[in-house]
Amino acid sequence: MTIAEPTVDAGERYSVFPFYICMDVSESMSGDPISAVNKQLPLLRASIGGDPAVAEVIRVAIITFSDTATSVLPLSDLSMVDAIPELAARGRTSYAAAFEHVHKVIESDYLAGRSAGERWYRPAVILISDGRPTDEAGRWQAALSRLTDPSWKRRPNILAFGFGDADPAVLSAVTSAKANRAFVAAQGADPATVIPELLGGLVQSIVSSSASVYGGQAQLEAPELSSMRAITVDELD
Amino acid sequence: MLSQGGEGAVFQLPLQPHLVFKSYRSQVERGDLESLVSWPGSLAPGVEDVVRLSSAWPTSVVSGADGEAVGILMPRAPRRFSVRHSDGQRRLATLSYLTCDPARPAKAYGLAVPPACGPGRFGIILALARLLAAFESSSPVVSHGDLSTKNVLWSLERDPEVFVIDCDSAELHWPQATPVRSRRRAMTPNWDDPSVEKGRNPTVATDRYSLGLIFLRVAGAANFPIQSFQRREGRVRVEFPVPSGPASRALVGANREVWHLCAKALSIEAPHERPRAAEWIDPLVEVVGALMEPGPISRFSRGAPRALLRGSPASVSDSCPTSDAPLAAEHVRDVSVEATVVAQGAAGRADKPAPGASGDPDDTGGGNEADDQGVAAALRKAKTSRVRTWWSSDATSLRYQTAAVAGAFWRWWLDAHRASLSAIRAGTLARLVALLVLDLLIVGLVVGFGAVLISPLVR
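This is a predicted model, so every value here is computed, not measured. (Residues numbered from 1 in each chain as written. Chains lettered and ligands numbered in written order. Predicted model: local features only at pLDDT ≥ 70, side-chain atom pairs only at ≥ 80, totals over all residues. Heavy atoms only, no water.)

**Q** I'd like to hear about the overall build of chain B, residue by residue, with values.
**A** Along its length, chain B carries 17 helices and 13 strands. Looking at chain B as a whole, 53% of its 459 residues are labelled buried. Across chain B, every contact between residues at least 6 apart in sequence was considered, and the portion connecting residues at least 24 apart equals 67%. Of the roughly 20,600 Å² of accessible surface on chain B, a fraction of 58% belongs to carbon and sulfur atoms. (Helix = DSSP H or I, 4+ residues; strand = E, 2+ residues; numbered from the N terminus. Buried < 20%, exposed > 50% of the residue type's maximum accessible area, 1.4 Å probe, protein only. Contact = heavy atoms within 4.5 Å. Areas by Shrake-Rupley, 256 points an atom, 1.4 Å probe, with all protein chains shown as cover.)

**Q** Report on the environment of Gly-41 of chain B, specifying residues and quantitative values.
**A** Looking at the secondary structure, you find Gly-41 of chain B in the loop between helix 1 (30-38) and helix 2 (45-54). Since its relative accessible area comes to 52%, Gly-41 of chain B is described here as exposed.

**Q** Describe the pairing of strand 5 (residues 124-129) of chain A, listing the residues and the values that go with them.
**A** Residue and element names in this part refer to chain A. Counting buried residues in strand 5 gives 6 out of 6 residues, a clear majority hidden from the surface. For strand 5 and strand 6 (residues 157-162), the ladder comprises 6 bridges, and the chain directions are parallel. Of the residues in strand 6, the one forming a bridge with Ile-126 is Leu-159. Running through helix 4 (residues 137-147), the crossover from strand 5 to the neighbouring parallel element strand 6 is right-handed. (Pairing = 2+ DSSP bridges. Right-handed = clockwise from strand over helix to strand, strands pointing away.)

**Q** For the sheet that holds strand 4 (residues 69-76) of chain A, give the residues involved together with the corresponding values.
**A** Residues and elements named next belong to chain A. Spatially, 4-3-2-5-6-7-8 is the arrangement adopted by the 7 strands of the open sheet, whose pairing is mixed. One side of each edge strand has no neighbouring strand; the edge strands of this open sheet are strand 4 and strand 8 (228-230). Each strand of the sheet is rotated relative to its neighbour by a mean of 15°, with strand direction disregarded. Strand direction decides the pairing type here: strand 2 (residues 17-24) and strand 3 (residues 58-65), joined by 8 bridges, are parallel. In the sheet register, Tyr-20 faces strand 3, and the bridge partner there is Ala-61. (Axes fitted to C-alpha atoms, helices over the stretch in contact; angles between N-to-C directions.)

**Q** Now, about the pattern of salt bridges: what can you tell me, with residues and values included?
**A** Following the criterion strictly, the structure yields 18 salt bridges over all chains and no others. In this structure, the salt-bridge partner of Glu-100 of chain A is Arg-139 of chain A, at a minimum N-O distance of 3.6 Å. With Glu-100 of chain A in helix 3 (residues 95-115) and Arg-139 of chain A in helix 4, this residue pair connects regions lying 39 residues apart in the sequence. Salt-bridge contacts for Arg-52 of chain B lead to Glu-48 of chain B; the nearest nitrogen and oxygen are separated by 3.2 Å. One end of the pair, Arg-52 of chain B, and the other, Glu-48 of chain B, are both in helix 2, 4 residues apart, so they sit about a helical turn from each other. The class of Arg-52 of chain B is partly exposed, set by a relative accessible area of 32%. Put simply, Lys-22, Asp-166 and Asp-168 of chain B are held in one network by salt bridges that share partners. (Salt bridge = Lys/Arg side-chain N within 4 Å of Asp/Glu carboxyl O.)

**Q** Describe in detail the packing of aromatic side chains, supporting the description with residues and values.
**A** All names here are of chain B. Scanning the model with the defined rule gives 18 aromatic pairs over all chains in all. Each ring, one from Trp-39 and one from Phe-135, has its centre 5.8 Å from the other, and the planes form 70°; the classification is edge-to-face. On the criterion of sequence distance, the pair formed by Trp-39 in the loop between helix 1 and helix 2 and Phe-135 in helix 4 (residues 119-137) is long-range, its members being 96 residues apart. Sitting above the plane of the Trp-191 ring, Arg-217 keeps its charged end 4.5 Å from the centroid. A cation sits over an aromatic face here: Arg-232 above Phe-229, 5.2 Å from the ring centre. (Phe/Tyr/Trp six-rings, centres within 6.5 Å; stacked < 30°, edge-to-face > 60°. Lys NZ or Arg CZ within 6 Å of the ring centre and 35° of its normal.)

**Q** Quick one: what's the story with the sheet that holds strand 3 (residues 19-24) of chain B, residue by residue and with numbers?
**A** Residues and elements named next belong to chain B. Pairing within the open sheet is antiparallel, and its 5 strands lie in the order 1-2-3-5-4. With one partner strand each, in any of the chains shown, strand 1 (3-4) and strand 4 (60-63) form the two edges of the open sheet. Direction of pairing for strand 2 (residues 8-12) relative to strand 3: antiparallel, over a ladder of 5 bridges. Counterpart to Ala-9 in the pairing with strand 3 is Ser-23. In the packing of helix 1 onto the sheet, the strands contacted are strand 3, strand 4 and strand 5 (69-75), and the crossing angle to strand 4 comes to about 150°.

And the structure:
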């Protein structure tokens, strides 16, 4: 045969698709909302980690933020995780702490992954918040600019979900006002109802994304949620 | 509720645990569903058995208050088509467990799946080919349309078996007529047929593509992402590693036909020339036979696909004419599949096998000496490794021979009783009566023998 053919073999490796779930655990989340989160998080492990095909290409990290940000679950293959730690609510809502921490862990996880022979799709950051940032606007915006800096090759795509006192304008800014990236629940919606649907929808989205990884073109799909609406993009004057 | 999808939701029925109810979200044509439900009744009894035993074929249409169709009843997958993870939870045994590196389920879930190119894997593909041959043997021809990882369940508990679900989306293709079912039927990404244009429904040839793809992925224990290459480049060459030893003799020596079939099945240039499912049966039987050939362990090991080798009296391959096209590699221009022998343990992934829960490197490393044990032990958890060690002990020992004879008798007894169910359906009760008499004799012998053994103790 004279024409070179593309060759596929059994050792074909797939790039992994990392997801960083940034969960607001400020004081306002205490009570029912944080219980709802703790009840739903094991679903991540069961649905993503329980399917060998999904687990092979998806990596998930869980980061909580309040006054500070912490990796409660480092970036993991969920099939190898025994349990997802329980989250507790306390403190204020520092978006700056969240963005700075995510920037740091994406960089270090990427370098660790690359040295282990992994290839990455652009990571996805999923910000879930029930309030407005309590740190100064200048500080969290600077941290966000650093995270989304076009010159930083590992800059993630961001999806933002808000309920309770979350500000649609802030969520829109977090997602760089991209269409279908920021979602907010109706005013006064009960977080204990919104959270299960949101986390369930996210799991489905991540599972769907895994199929696109096998197809060779990973897609970040936002979940369809009846209790939340997409924040529309502003029209230009 | 068991699951929820785009079309509707599936519920379990507490009073009929062997059935599930699928409720449709939108209006579905009643006539279409009724045609589906009645279709297996038009098949020859042996062929109908294949469909009933290997698929969740809809059994009744459920009507609403105004007589409109609101859903269907389907058989629930038997328990043996599930696996139990180390966390104790049972999950459907989807193809995902077979299309990944066997080290992954061992490490992540404590499951021992058979190594790449093991006979159990070919047995599963053969079971699927038999079902699809039954689909193709009838008029109207039936196509499933989405033979994906989640829709094809497998088991090695008895013989290698498949159980295909989501059959209510199957399509009946009447000769020289437009398809009766016109519902939009989407294919699962990564399991789709690249010759079907976006937005179009799968065709009869789609199931033939799926069989080729499943052959490649299940036999090779890898994902072989060929569709993206086919879409982008039009042509693709697949390098399939075969471990040296018995597998290489079975797959690279005389039984090369499967590779030609695979290449033809995956062609997007000539989808109409893809081989019918029935054409796969004999070559697959040969491969399974060749893999089972050597050694006393192969002959006796539990779970070996012996029943598949015998063929049934109403074999679907007899009722389905094979394509006239000669089997020649040069007819397939866009796909080539090359089986290359690699050193044992190197087949599949370059990675070293993870420390499997069974502690037996042969379970995960692709070595073929352990193949038959792999079949026997498939999907048994780590704690059973002690039993396997006992089982594979010296073939000349008395306990091995006793166990082998007992195992052979047990398989014969199960097969005979399974066959008797077919006999009842076929209306011949004589065989069943003879079998019952034999059962009584066996019980009598066991009781008598026991009494003789116990009597000295009683005195």
